[in-house]
Amino acid sequence: MNWLNSEAFTLFGQHIIWSDMVGNILGLAALTLGWRRSVWTWPVQFLAGLILFGAFFGHLTGSAGKQVVVMLVAVFGWWQWQRGGQGGADGHIAVRFATWRERGAMVAAAAAGTVAVALLFTAYPTLSWDPWPDAYIFVGTVVAMYAQARGMVEFWFAWLLVDLVGVPLNFANGYAFSGFVYVLYGALVLWGMRDWWLRTRTPALEGAPA
């Protein structure tokens, strides 16, 4: 797996490594599939996590561990979209807004999770270079994936909040490709948010092709 951490090319003076590029391209593809409400978003997210796990394992234990959690949530999302009779043969699901109780629970979980993970990263510096923003992005990603698994429009809001920190953090840490991809994430998030929002207001759209 050493090739994953080798340089693919240089762009605008930034060194792009294979794992950063491949993992984030897959992440972008997964988000696109999520916008289209395709169940295949989950296998692609799992594969992205697996590639990044292989890149980090052995020298960045914390980052590798985070990818394990992401892969577990991807498995949960696949299971959630396959069960309950929400999806048809095309893999599409019905989307909805979260209840106020669900929103409160997700916000509380995100806040508590960020503090807990940041304290863990602070106690063990080898797990993260930037404990607090890294914890925020990691927990925010898990919360976003959970909301996506439940078909909640808030999934997109969570991703947008992750992007606001993810873009500058990735550029600061030398992961330029991740930074560029997070910018694309932001545009795709706004597009996907509009589409899912409209589907909650116009039931007829649920039967339309994505």
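1. Focus on helix 4 (residues 100–123)
Moving on, step 1. End to end, helix 4 covers 34 Å across 24 residues, agreeing with the expected 34 Å (1.5 Å per residue, within 8%).
Moving on, step 2. Inspection of helix 4 places Glu102, Met106, Gly113, Thr114, Val117, Ala118 and Phe121 among the buried residues, and these make up the whole buried set.

2. As for the nonpolar core
Moving on, step 1. Ranked by size, the top nonpolar core spans 41 residues in total, and within it Leu31, Trp42, Phe155, Trp156, Trp159 and Trp196 carry the most contacts.
Moving on, step 2. Elements that contribute at least two residues to this core include exactly helix 1 (18–35), helix 3 (61–82), helix 4, helix 5 (131–149), helix 6 (154–172) and helix 7 (176–201).
Moving on, step 3. Looking at this core element by element, the count peaks at 9 residues for helix 5.
Moving on, step 4. Among residues more than four places away in sequence, those in contact with Trp196 are Gly34, Trp35, Arg37, Trp81, Val95, Gly151, Met152, Val153, Phe155 and Trp156.

3. Details of the confidence of the model for the protein chain
Moving on, step 1. This prediction gives the protein chain a mean pLDDT of 80; 75% of its residues lie at or above 70.
Moving on, step 2. Here strand 1 (residues 7–11) is the element of the protein chain with the lowest mean pLDDT, 64, and helix 4 is the one with the highest, 95.

4. Concerning unusual backbone geometry
Glycine aside, negative phi is the norm for most residues, and most peptide bonds take the trans geometry.
Moving on, step 1. Although it is not a glycine, Arg37 sits at a positive phi angle of roughly 60 degrees.
Moving on, step 2. With respect to the secondary-structure elements, Arg37 resides in the loop between helix 1 and helix 2 (41–56).
Moving on, step 3. Overall, the relative accessible area of 1% leaves Arg37 in the buried class.

5. Regarding the environment of Val39
Moving on, step 1. Relative to the assigned elements, Val39 resides in the loop between helix 1 and helix 2.
Moving on, step 2. A sequence separation of 38 residues divides Val39 from Gly77, and the C-alpha atoms of the two residues are 8.5 Å apart.

6. Regarding the environment of Gly34
Moving on, step 1. Mapped onto the secondary structure, Gly34 falls in helix 1.
Moving on, step 2. Assessed through its relative accessible area of 0%, Gly34 is described here as buried.
Moving on, step 3. In this structure the C-alpha to C-alpha distance between Gly34 and Gln148, which are 114 residues apart in sequence, comes to 7.7 Å.
Moving on, step 4. Not counting residues up to four positions away in its chain, the partners in contact with Gly34 are Thr41, Trp81, Gln148, Trp156 and Trp196.

7. Details of the packing of aromatic side chains
Moving on, step 1. For the structure on display, the rule yields 10 aromatic pairs.
Moving on, step 2. An angle of 35 degrees between the planes, with centres 4.8 Å apart, marks the rings of Trp35 and Trp191 as tilted. One end of the pair, Trp35, is in helix 1; the other, Trp191, is in helix 7, and 156 residues separate them in sequence.
Moving on, step 3. Look at Trp42 and Trp81: their rings are 5.6 Å apart centre to centre, the planes differ by 90 degrees, and that puts the pair in the edge-to-face class. Of the two residues, Trp42 is situated in helix 2 and Trp81 in helix 3; the sequence distance between them amounts to 39 residues. In this structure, Trp42 and Trp81 share a single accessibility class: buried.

8. Comments concerning the pattern of salt bridges
Moving on, step 1. Scanning the model with the defined rule gives 3 salt bridges in all.
Moving on, step 2. Across the pair Arg96 and Glu102 runs a salt bridge, and its minimum N-O distance is 2.9 Å.
Moving on, step 3. Among the ionic pairs, Glu154 bridges to Arg103, the shortest N-O distance being 2.8 Å. In this pair, Glu154 sits in helix 6 while Arg103 sits in helix 4, placing the two residues 51 residues apart along the sequence.

About the cut-offs
Residues numbered from 1 in each chain as written. Predicted model: local features only at pLDDT ≥ 70, side-chain atom pairs only at ≥ 80, totals over all residues. Heavy atoms only, no water. Helix = DSSP H or I, 4+ residues; strand = E, 2+ residues; numbered from the N terminus. Expected span 1.5 Å × (residues − 1). Buried < 20%, exposed > 50% of the residue type's maximum accessible area, 1.4 Å probe, protein only. Core = buried A, V, L, I, M, F, W, Y, C linked by side-chain atoms within 4.5 Å. Contact = heavy atoms within 4.5 Å. pLDDT = per-residue confidence, 0-100. Phe/Tyr/Trp six-rings, centres within 6.5 Å; stacked < 30°, edge-to-face > 60°. Salt bridge = Lys/Arg side-chain N within 4 Å of Asp/Glu carboxyl O.

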